[in-house]
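Fold and contact review
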Amino acid sequence: MKKENYLGVDVSPYNYEEIIADLRERMKAGLQSTIIAVNPEKVMAAEKNEELRQLINSSTYQIPDGVGILLASKMKGGNISSRVTGVDMMDRLIRFAAEENHKVFLYGAKEEVVTTAKQKLEEKYPGLLISGYENGYEKDNDKIINTINASDAELLFVAMGSPKQELWIRENMGKLNVKVFQGVGGSFDVFSGKVQRAPLFFRKLGIEWLYRLLKEPKRFKRQLALPKFLARILSAK
């Protein structure tokens with residue numbers, strides 16, 4: 001399925017299961033794949049930042065993590081029918097790893113967060129093998145690379161915040177034996193229980209942003225990216 005493009009930024013139209021199916025074949029072929037979440041705020045930033053735009057567009061899958069991307073696709077008659085959020089994509093990949101015996105590595109966040117996330121994910125998915133982890137405070141990059149390779153992990157989740165995590169993946173993936181890379185931002189905080197996600201009602205309606213805004217009014221300025229983005233999409237039609 002052809003990727004859609006908004007203000008110069010590619011977005012993959014695949015849903016969770018289509019991404020998993022495609023990844024399965026790419027892994028069998030020995031190919032490395034990268035996943036990056038795309039939302040209106042990131043598209044607006046990438047429009048002004050060529051390095052960020054290239055970073056996003058060079059990824060294998062640019063998942064539509066934001067209701068604004070879904071709205072833009074509908075406005076332009078595209079094929080994106082549902083959001084694919086970063087945290088839910090990670091959860092689906094973890095389940096895939098558990099079901100099909102692929103080793104996983106977690107890198108990033110504080111020591112207590114990553115170890116608790118590891119424990120809770122292993123409890124949630126019996127059979128899951130998280131073969132290694134490293135917190136985000138280790139400064140020796142060669143040590144990190146060696147630790148990941150020694151774990152024989154095929155899926156690597158990097159929690160450093162965007163775009164730092166994607167830049168790290170791009171710079172180091174050639175040294176790693178990993179097949180699937182995803183930058184996951186604050187997802188370890190969610191899986192560890194440190195941060196609570198929006199109630200299911202908000203998530204189903206695609207308005208997690210509203211819940212976060214109600215909880216953190218200081219995010220208001222950031223949320224202005226959505227109407228600006230949609231206005232730009234309309235004017236670009």
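Residues numbered from 1 in each chain as written. Predicted model: local features only at pLDDT ≥ 70, side-chain atom pairs only at ≥ 80, totals over all residues. Heavy atoms only, no water.

1. Some remarks on the overall build of the protein
Heads up, the condition is: Put simply, DSSP marks the helices as runs of H or I at least four residues long and the strands as runs of E at least two long, and each gets a number from the N terminus on. Exposure is judged per residue with a 1.4 Å probe applied to protein chains only, and the accessible area is read against the type maximum: over 50% gives exposed, under 20% gives buried, and values in between give partly exposed. Note on contacts: a residue pair qualifies if any of its non-hydrogen atoms lie within 4.5 Å across the two residues. For the area figures, the Shrake-Rupley method with a 1.4 Å probe applies, and any residue is considered shielded solely by the protein chains shown.
Check the secondary structure of the protein and you find 13 helices and 8 strands. Judged by the C-alpha coordinates and their principal axes, the protein covers about 50 × 40 × 35 Å. In the protein, which comprises 237 residues, the share counted as buried stands at 49%. The long-range share in the protein, meaning contacts at least 24 apart out of those at least 6 apart in sequence, stands at 74%. For the protein, the accessible surface area stands at approximately 11700 Å², while carbon and sulfur atoms represent 51% of it.

2. Considering the packing of aromatic side chains
For clarity, the cut-off: Aromatic pairing here means that ring centres of Phe, Tyr or Trp (its six-membered ring) are within 6.5 Å. Orientation follows from the plane angle: under 30 degrees is stacked, over 60 is edge-to-face, and everything else is tilted.
In the structure shown here, the tally under the stated rule is 2 aromatic pairs. Ring geometry for Tyr-14 versus Tyr-61: centroids 6.4 Å apart, planes at 55°, classification tilted. One end of the pair, Tyr-14, is in the loop between β2 (9–11) and α1 (16–28); the other, Tyr-61, is in strand β4 (residues 61–64), with 47 residues separating them in the sequence. Residues Tyr-107 and Trp-168 carry aromatic rings whose centres are separated by 5.0 Å and whose planes lie at 55° to one another, so their mutual orientation is tilted. Taken as a pair, Tyr-107 in strand β5 (residues 104–108) and Trp-168 in helix α8 (residues 164–172) lie far apart in primary sequence, 61 residues in all. Neither Tyr-107 nor Trp-168 differs from the other in exposure class; each is buried.

3. Quick notes on unusual backbone geometry
Of note, the amide linkage connecting Ser-162 to Pro-163 takes the cis form, showing an omega dihedral of 5°. Structurally, Pro-163 is set in the loop between β7 (155–159) and α8. Of note, Asn-101 is a non-glycine position whose phi angle comes to about 60°, a positive value. Note that Asn-101 resides in the loop between α5 (86–99) and β5. Phi is positive for Ala-109, close to 70°, though the residue is something other than glycine. By secondary structure assignment, the location of Ala-109 is in the loop between β5 and α6 (111–124).

4. Side note on α1
The condition that has to hold: Expected span of a helix: the number of residues minus one, times 1.5 Å. The directions considered for the arc are those from the helix axis to the C-beta atoms. A 3.5 Å cut-off defines polar contacts: any pair of N or O atoms within that distance qualifies, except that in protein one atom must be a possible hydrogen donor and the other a possible acceptor, and neighbouring residues in sequence count only when both atoms are side-chain atoms.
Spanning 13 residues, α1 covers 19 Å between terminal C-alpha atoms, matching the ideal 18 Å at 1.5 Å per step. Three or more residues of α1 are buried, namely Tyr-16, Ile-19, Ile-20, Leu-23 and Met-27. In an axial view of α1, the angular spread of the buried residues amounts to 100°, which keeps them on one side of the axis. Buried-residue contacts for α1 involve β3 (33–38), β4, α5, β7 and β8 (180–183). One side-chain oxygen at the N-terminal end of α1 lies 3.2 Å from the backbone nitrogen of Glu-17; it belongs to Asn-15. Two residues or fewer after α1 comes Gly-30, characterised by a positive phi angle close to 80°.

5. What about the pattern of salt bridges?
For clarity, the cut-off: Salt bridges are counted wherever a side-chain nitrogen of Lys or Arg sits within 4 Å of a carboxyl oxygen of Asp or Glu.
Applying the stated rule across the entire model yields 10 salt bridges. In this structure, Arg-92 and Glu-17 form a salt bridge, with 2.7 Å as the shortest nitrogen-oxygen distance. Pair noted here: Arg-92 is in helix α5 and Glu-17 is in helix α1, with a separation of 75 residues, a long-range link. Two residues, Glu-51 and Arg-170, come together in a salt bridge whose shortest N-O distance is 3.5 Å. Residue Glu-51 is located in helix α3 (residues 50–57), and its partner Arg-170 is located in helix α8; the two are separated by 119 residues in the primary sequence. In this structure Glu-51 comes out as partly exposed when scored by relative accessible area, which is 45%.

Shape is all these values report; function is a separate question.
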